[in-house]
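Listed below, chain by chain, are the residues.
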Amino acid sequence: MSDDFRGAPKGDAVEIVTSNHRHDGSAVRENLWVRLMTFLRWYPKDMPSEEKSLVLKLDLSILIFGCLSFFTKYLDQQSITNAYVSGMREDLHFQGDDLNYITATFWASYCTFMIPACYFMTHYPANIVLASLEIGWGLSTFGLAWAQNLQTVYAMRFFTGVFECCSFTGTIYVIGSWYKPREIGRRVALFFIASPLGTMFAGYLQAAAYTNLNQVHGLAGWRWLFIVDAIITLPIALAGFFVFPDVPSRKKPRLLTPEEHAYARKRIEGLTAPPQLRLSRSIFKRVFSRWHWYVFVLQWTLMDQNFAPGGQPFSLYLKANSNIYSIVQINTLPTITTAVSVVIAFTCGIVADKTGRFWLPSIVITLPVLAGVALLVAWDVGESGRLAGFILTGFEGAISPLTMGWATITMAGDAEERAVVTASMNAIGQAIAAGTQVVQYPASGAPNFHGGFSSALATIVAQLLTIFVILYLTTRDKKRQARDAESEPEGVQEPPSADEKGSDREV
């Protein structure tokens, strides 16, 4: 059973209790929402009521802004592809592989500024940094609505990449700083499904803009898409200043009382390293002397390669077959792939939390992705077979939260290492993908990207093998820690090392 904590006012003693009563003995009443979420196993049944109330507040302050922010991030990212297939290419006179180079420009700035931005966040409140950056990408997205030439599109996408660079890793870090290891998997999954939801919504939004707003006030439908994106993004960014918390070791979040803030810090003691977010001199020695950086960065890089077929190539395939598919279908059919990602990612997050075995759903969902890409490599499988191939790649969407959740709990004992490794995973993986996808999936090569599909088939097999490597290494480390604990003389307890402060869950 989880410890329930009642924090005293600052300067007084701290008391831990394990009941459903307040410090004064009065019962804690669970509201209808908490009871419902307990029934759905979002909160463990044996979690004290007062702790459930605290975790609910954490969910409201962290996940609402985090998910909406990630939603708008991918809404803005996907909109460039939706606009391209809905008239932007013709209006701005795109030629050849211009779309690929615009996408590469975005990822180049995104990856270049990611680690410096994460370092910047170590010195300033996370809620201020992340919300300010979101205002920046909202404005740069708005600027695309008024682009009159290709050069303006390049400039706006460059700045969008700069402003979006810290959103992902910053939010993941905050999630990992406030929750117990057995609470992280499903919350990371919930955060991640905001990205396919943003991608999916962008398709429906562009279809609606093309149908209802095209030429309203003289603006093409694709221009209205960017205007509406900005209208959605900016209010969410402003809310982040007030709702989203900083890390526990700094300022008290607005939604928590001083007692709840003390409780939140106490409940993760010994499970998660204090999230000071200060990069010490020894950090790079610690990072590069352990296997975490090498293997998790490799896995993330492979995953980024395997995401590609169900994304922009799917839209380009449909656009190349415009004699079969209408503009509305070109924008909405790819949302089936993202819908698959949403359902599978959330389901796998729950399974990982319940079992503590991140490797199990990771292996299971890799198999349909392998089958889907195999269909695309074969190609001569009929129109239905190709559509099935694209849609099956949606299962890859669950690998993101599983891998990030696995990395977060594996490095729970070293907050600095976790920050550097997770930022490196995203930066390096996306940087490599930005370069390779220009060659693998050139817009001029639509509809059949045989080279890209073949390389994806190879990286999916490599992804499957890497899952087994991570499983072996985490299991080995856990056994070593158990042996070290048994070998210590009774009554003598050495301070736990960064590697020994890991999660309380079973690998």
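Residues numbered from 1 in each chain as written. Predicted model: local features only at pLDDT ≥ 70, side-chain atom pairs only at ≥ 80, totals over all residues. Heavy atoms only, no water.

Asker: Help me understand the packing of helix 2 (residues 49-91) against helix 8 (residues 194-212), please; the structure alone is not making it clear to me.
Answerer: Geometry of a packed helix pair, given as the angle between the helix axes and the separation of the axes. Orientation of helix 2 relative to helix 8, taken along the N-to-C sense of each, is 45 degrees, at an axis distance of 7 Å. By the angle between their directions, the pair helix 2 and helix 8 is classed as oblique. In this structure, the crossing between helix 2 and helix 8 has a hand that is right-handed. Each of Cys67, Phe70, Phe71, Tyr74, Leu75, Gln78, Ser79, Asn82, Ala83 and Ser86 in helix 2 lies in contact with helix 8, whose residues at this interface are Ala194, Ser195, Leu197, Gly198, Thr199, Phe201, Ala202, Gly203, Leu205, Gln206 and Tyr210. Each residue belonging to the contact of helix 2 with helix 8 can be placed in one class, and the counts come to twelve nonpolar, nine polar and no charged. (Axes fitted to C-alpha atoms, helices over the stretch in contact; angles between N-to-C directions. Helix = DSSP H or I, 4+ residues; strand = E, 2+ residues; numbered from the N terminus. Parallel < 35°, antiparallel > 145°, perpendicular 65-115°, else oblique. Left-handed = near helix turned anticlockwise from the far one by under 90°. Contact = heavy atoms within 4.5 Å. Nonpolar A, V, L, I, M, F, W, Y, C, P; charged D, E, K, R; others polar.)

Asker: Honestly, the confidence of the model for the protein in this entry has me stumped. Any pointers?
Answerer: Should the pLDDT be low somewhere, the predicted coordinates at that spot are not to be read in detail. Looking at the protein as a whole, the pLDDT averages 83, with 88% of positions reaching at least 70. Across the protein, element-level confidence peaks in helix 16 (residues 359-378) with a mean pLDDT of 96 and bottoms out in strand 1 (residues 4-6) with 37. Under a pLDDT of 50 for its full length, residues 1-19 has, in the predicted model, 41 contacts with residues more than four places off or in other chains. Confidence drops under pLDDT 50 across residues 492-507; counting only partners more than four residues distant or on other chains, this segment forms 49 contacts. (pLDDT = per-residue confidence, 0-100.)

Asker: Would you take a moment to explain the side chain of Asn331 for this structure?
Answerer: In this fold, Asn331 is placed in helix 14 (residues 327-332). When its relative accessible area of 2% is taken as the criterion, Asn331 is described as buried. Within the structure, the side chain of Asn331 is placed 2.8 Å from the side chain of Asn82, a separation counted as a polar contact. A polar side-chain atom of Asn331 sits 3.1 Å from a polar atom in the side chain of Ser86. The residues contacting Asn331, other than those within four sequence positions of it, are Asn82, Val85, Ser86, Gly203, Gln206 and Ala207. (Buried < 20%, exposed > 50% of the residue type's maximum accessible area, 1.4 Å probe, protein only. Polar contact = N/O pair within 3.5 Å; in protein donor to acceptor, adjacent residues only side chain to side chain.)

Asker: What should I look at first to understand helix 7 (residues 181-192) in this one?
Answerer: Spacing of three or four residues puts side chains on the same side of an α-helix, whose turn is 3.6 residues. Counted at 1.5 Å a residue, the expected span for helix 7 with its twelve residues is 16 Å, and the 17 Å between its end C-alpha atoms agrees. Residues of helix 7 that are buried include every one of Pro181, Glu183, Ile184, Gly185, Arg186, Arg187, Val188, Ala189, Phe191 and Phe192, and no others. (Expected span 1.5 Å × (residues − 1).)

Asker: It is not clear to me how the packing of helix 2 against helix 5 (residues 150-164) should be interpreted in this structure. Could you clarify?
Answerer: Where helix 2 contacts helix 5, the two axes come as close as 10 Å, and the packing angle between them is 160 degrees. Here helix 5 runs roughly antiparallel to helix 2, going by the angle between their axes. Regarding helix 2 and helix 5, the two cross each other, and that crossing is left-handed. Together, Lys73, Asp76, Gln77, Ile80 and Met88 of helix 2 and Val153, Arg157 and Glu164 of helix 5 make up the contact between the two elements. For the contact of helix 2 with helix 5, a count of residues per class yields three nonpolar, one polar and four charged.

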